[in-house]
Amino acid sequence: AIPVQCDHGVDEEIHRLFDRIEKDHGKIDLLVNNAFKGVNTIGKNIPVPFWEQPIESWDDVIHVGLRCHFVASQRAAKMMVPQKDGLIVNVSSPGALFNFFTAPYGVGKAGLDKLSEMCGKELKKHSVTCLSLWPGLVQTEAIVAAKDKIEKSKVGGVNLDVSKGETVEYAGRAIVGLMNDKNLPAKNGKTVTTADLGAEYGFKDVDGRIHLSMRCVKAGVAMKFPWLAALIPSFIKVPWAWIVAMCHHYY
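Attention here is on the structure that accompanies the text. Treat the numbers as computed from the prediction; the structure is a model and nothing was measured.

What counts, and at which threshold
- Position labels on residues start from 1 in each chain and follow its written sequence.
- Residues qualify for local features only when their pLDDT is at least 70, as the model is predicted, and side-chain atom pairs are given and counted only at 80 or more; totals for whole chains, interfaces and linings, by contrast, use all residues.
- Here the side-chain values reflect all heavy atoms present in the structure, with hydrogen atoms and water set aside.
- Put simply, DSSP marks the helices as runs of H or I at least four residues long and the strands as runs of E at least two long, and each gets a number from the N terminus on.
- Any N or O atom pair separated by 3.5 Å or less is treated as a polar contact, with the protein-specific requirement of one donor-capable and one acceptor-capable atom, and with residues adjacent in sequence counted only for side-chain atom pairs.
- Contacts between residues were defined by any pair of non-hydrogen atoms, one from each residue, lying within 4.5 Å.
- Salt bridge, as used here, is a side-chain nitrogen of Lys or Arg placed within 4 Å of a carboxyl oxygen of Asp or Glu.
- Buried means the residue's accessible area, taken with a 1.4 Å probe over protein chains only, is under 20% of the maximum for its type, while exposed means over 50%, and partly exposed covers the values in between.
- The rule for pairing is simple: two strands pair if DSSP sees at least two bridges between them.
- What counts as an axis is a line fitted to C-alpha atoms, over the stretch in contact for a helix, and the angles between N-to-C directions run from 0 to 180 degrees.

1. Structural notes on the side chain of Asn90
Consideration 1: Its location among the elements puts Asn90 in strand S2 (residues 87-91).
Consideration 2: Only 2.9 Å separates the side chain of Asn90 from the side chain of Asn33, close enough to count as a polar contact.
Consideration 3: Within polar-contact distance, the side chain of Asn90 engages the side chain of Ser116 at 2.8 Å.
Consideration 4: Apart from residues no more than four positions distant in its own chain, Asn90 is found in contact with Asn33, His69, Ser73, Leu112, Leu115, Ser116, Cys130, Leu131, Ser132 and Leu133.

2. Some details on the pattern of salt bridges
Consideration 1: Under the counting rule described, the total for this entry stands at 14 salt bridges.
Consideration 2: Note that Lys37 is salt-bridged to Asp60, the shortest N-O span being 3.7 Å. In this pair, Lys37 is assigned in the loop between strand S1 (30-33) and helix H2 (39-45) and Asp60 in helix H3 (residues 56-83), connecting sequence segments 23 residues apart.
Consideration 3: Residue Lys37 is classed as exposed on the basis of its relative accessible area, which comes to 52%.
Consideration 4: Judged by relative accessible area, Asp60 falls into the buried class, the value being 12%.
Consideration 5: For Lys121, the salt bridge goes to Glu117, with nearest N and O atoms at 3.4 Å. With Lys121 and Glu117 both in helix H4 (residues 103-123) and four residues apart, the pair spans about one turn of that helix.
Consideration 6: Overall, the relative accessible area of 61% leaves Lys121 in the exposed class.
Consideration 7: We classify Glu117 as partly exposed; its relative accessible area is 25%.
Consideration 8: Taken together, the shared-partner salt bridges in this structure form one network comprising Asp19, Glu22 and Arg75.

3. Side note on unusual backbone geometry
Consideration 1: Even without being glycine, Phe101 reaches a positive phi, approximately 60°.
Consideration 2: The topology assignment puts Phe101 in the loop between S2 and H4.

4. Looking at the sheet that holds strand S6 (residues 191-193)
Consideration 1: The sheet built from four strands is open, its strands ordered S1-S2-S3-S6 with parallel pairing. At either margin of the open sheet sits one strand with a lone partner, and together these are S1 and S6. Neighbour-to-neighbour, the strand axes of the sheet open up by a mean angle of 25°, direction not taken into account.
Consideration 2: In this structure, S1 lies alongside S2, joined through four bridges in parallel fashion. Bridged to Leu30 within S2 is Leu87.
Consideration 3: Packed onto the sheet, H3 meets S1 and S2 and runs at close to 175° relative to S1.
Consideration 4: Most of the contacts of helix H8 (residues 194-201) go to S6, to which it runs at about 75°, and overall it touches strand S3 (129-134) and S6.

Right under this line is the structure:
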């Protein structure tokens, strides 16, 4: 691996990065859009009504978290389309569907999923795939540092246990699975979860744990009735269409 410092809030730095990739390698196989600036801003504004939040609560999430992904995807697509191959993964969040954190956060993640859908449709005829990936709760440095605060509060009305979260490597294993998927075009423009890919591809977290999909009835029941969840098979899942119908109220 060759680490390169790049400020995704500055378009020129993104362009310089892709210029270097094109010059040094002549192609690109995979782009993972995961840059995000809004962590601190969101943390400060979760309890604040949207009309009282500083405009930075919008700019930090949308600029480095949505806009920069569009810029990077444009540059990657310009190389992937001629080579008739490539994968663009936009790391998104269930916050695109559920009411997590702040209004700008939800808008940014929903926008990212829509970006994946529309870019995927345009790239399909060029044999390039674009999709969104939803990790679960991830044990990032920031999440682990704020463990006590997170577990005392509720996110979307749900009590969280950081110790049960995914390691940062788990999403990487999901992307490796995608890169080796012979039927990858079937996921073009779609939104997939790390846990669902773990079940599909048969991988575990680095510490050997198996994470249940947010669609698993077992996982939902376990939040309230752990004893009952033990009796429910993990393969019983709620269809995506049902979840979307229950959560979307603006159509």
